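So you can see what is in the structure, the chains are spelled out below.
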Amino acid sequence: MARSSLAAALAALTLLAGCAAGGDDDAEVADSPAADDAGSETADAGGGISSIDEADTAIVRIEAEGAFREPEVGEYEATGSGSGFLIDPEGIVVTNNHVVTGSASLNVYVGDAEDPVNARVLGVSECSDLAVIDLEGQDYPFLEWYDGEVSTGLEVFAAGFPNGEPEFTLTDGIVSRGDHDVDTTWASVNNVLSHSARINPGNSGGPLLTQDGRVVGVNYAGDVTTDENLAISVTDAQPLVEQLRDEENDTYIGVNGVALGNPETGDAGVWVTSVASGSPADEAGVTSGDIITRLENVTIGEDGTMAGYCDILRSRDADDVLRLEVLRFDSQEVLEGQLNGDDLVAVTSFARELGDTTAGGGAPADAAGYEYTQVTDDTGALQVEVPTEWSDVDGAPYTDAEGRAITDVRAAPDLEGLQNRWDTPGVIFSASSAIAQQANETTLLDEVNPQLSEQCTYEGRQPYEDPLYTGQFDLYTDCGGVGATFVVVGAVPEDRAYVIRVAVQANAERDLEALDRILNTFVVTGSV
């Protein structure tokens, strides 16, 4: 039974600067000698590189191999490439998250070395697009962070290995804009430097350097058509890198994701290109090719960026339980579960399964969907999201004919119409601990079945399950001779302390979407 839906209209994916994607936290590479002493003579005694001319010895080329999924391509195996740089003689390397997360193996080449070095991922930040990996070996040349003021006009150099080629390149330019926030389809970075040093695909993860070889930022995006080049500022990167090298991830669930948003249709989500083994997403059952549509009951990706997704992750701790909704693109299944909690399970979407065939007797679909608001009963114990147009709301509790107290909230464009006619959509959400002493979720459905069956076509009873409640639901179609759809859910929490009945009437396709939204958001938060 459904707690949400998404019509999956997909846009083409474009990463501005990344050729690479993916990587396990413990990715293995082919055995090869570690570059224990590679280029160590170019560094100051006891310190890092001190000249732009020597920077190439501390910059690495990363090849990420793995299986990935893209909407217009499907599943494929590929080797992507990116750049990175050493910040410690012990082999600590900084790069981008989208270069390493979700890949099966990493091949890391230091400077102009012909053989790769073994490496493992220490920590990543999905939203800041940063990752720290640890190379086998020691006594590496390394770069140091810039500790001066990053002002507009500062001369800078973008270093790395573009287009997956082993030839090191260096382009020069100036900082054109200081720290500012930038949201892209794959990241949401709080402190970004815009600069004119050209970045090409494969430069992702490479350093933005000053004349004396100090790191001003970490390059992560470039657009050759607009000559816009972006780097994660040292202001944000340096403290975050220290956290990641201590194996403490930041804004991380373990996916390489790209936001998909269609403002015209309202379709939205985060397309999962790859998943890191053993990550919270992997443990929950997320796979490459899934679209994460909602986190914590909030739709994400609506504006085509990762801003909403990252806002949620930044407001939570790494081990917090987060509600998760996924559209499995191949099968068009909707799955619900939790990160750090319950595994994903397939549910039903009324909007997807009944759209165009019921609700309104074949009437044309509404030109636009609903906007939503949360309503509560008068005691604050019941919460549910409903269309803002359903502004006639009554949250008063009542006592039934047998003297049992019932907590109740109902909403519709016109409650009198909902209660007396078949042409008005709306919802009635009730819960009662008193009734739970004498009845269960099945008898709640049985009570109303005879009357509804006289006025509708009864389609039958099916199991209902979501992360909070289990029960059953009855589906009625062609109600009142006007083609209305009526759904009644009877459900209980795990401890069966109370019973819930949710009844929703739909008269158009967007009402079916509202039905999914209601079943995705109804919750009992207080005493009933």
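I will try to describe carefully the structure that is included in this document. No experiment lies behind these values; they were computed from the predicted model shown. (Residues numbered from 1 in each chain as written. Predicted model: local features only at pLDDT ≥ 70, side-chain atom pairs only at ≥ 80, totals over all residues. Heavy atoms only, no water.)

A few points about unusual backbone geometry
Residues other than glycine seldom take positive phi values, yet Asp129 does so here, at roughly 55°. Structurally, the position occupied by Asp129 is in the loop between strand S5 (119-125) and strand S6 (130-135). Since its relative accessible area comes to 0%, Asp129 is described here as buried. Not every positive phi belongs to a glycine, and Arg496 is a case in point at roughly 55°. With respect to the helices and strands, Arg496 occurs in the loop between strand S28 (484-492) and strand S29 (499-506). For Arg496, a relative accessible area of 44% gives the class partly exposed. (Helix = DSSP H or I, 4+ residues; strand = E, 2+ residues; numbered from the N terminus. Buried < 20%, exposed > 50% of the residue type's maximum accessible area, 1.4 Å probe, protein only.)

Here we look at a negative patch on the surface
A surface patch of like charges, here negative, comprises Asp282, Glu283, Asp342, Asp343, Glu465, Glu494 and Asp495. Mapping Glu465 onto the fold places it in strand S26 (residues 457-465). (Patch = residues over 30% accessible without salt bridge, like charges linked within 9 Å, V, L, I, M, F, W, Y side chains within 5 Å. Areas by Shrake-Rupley, 256 points an atom, 1.4 Å probe, with all protein chains shown as cover. Salt bridge = Lys/Arg side-chain N within 4 Å of Asp/Glu carboxyl O. Lys, Arg positive; Asp, Glu negative; His and termini not counted. Charge placed at Lys NZ, Arg CZ, Asp CG, Glu CD.)

Observations regarding the sheet that holds strand S11 (residues 215-223)
A barrel is described by the order of its strands in space; here six strands give the closed sequence S7-S8-S9-S12-S11-S10, paired in antiparallel fashion. When strand polarity is set aside, the average angle formed by the axes of neighbouring strands in this sheet is 50°. Relative to strand S12 (residues 228-233), strand S9 (residues 188-195) runs antiparallel, the two sharing four bridges. Looking at the pairing, Ser194 lines up with Leu230 of S12. Packing of helix H2 (residues 234-245) onto the sheet brings it into contact with strand S8 (169-183), S9, S11 and S12, and relative to S12 it is tilted by some 45°. (Pairing = 2+ DSSP bridges. Axes fitted to C-alpha atoms, helices over the stretch in contact; angles between N-to-C directions. Contact = heavy atoms within 4.5 Å.)

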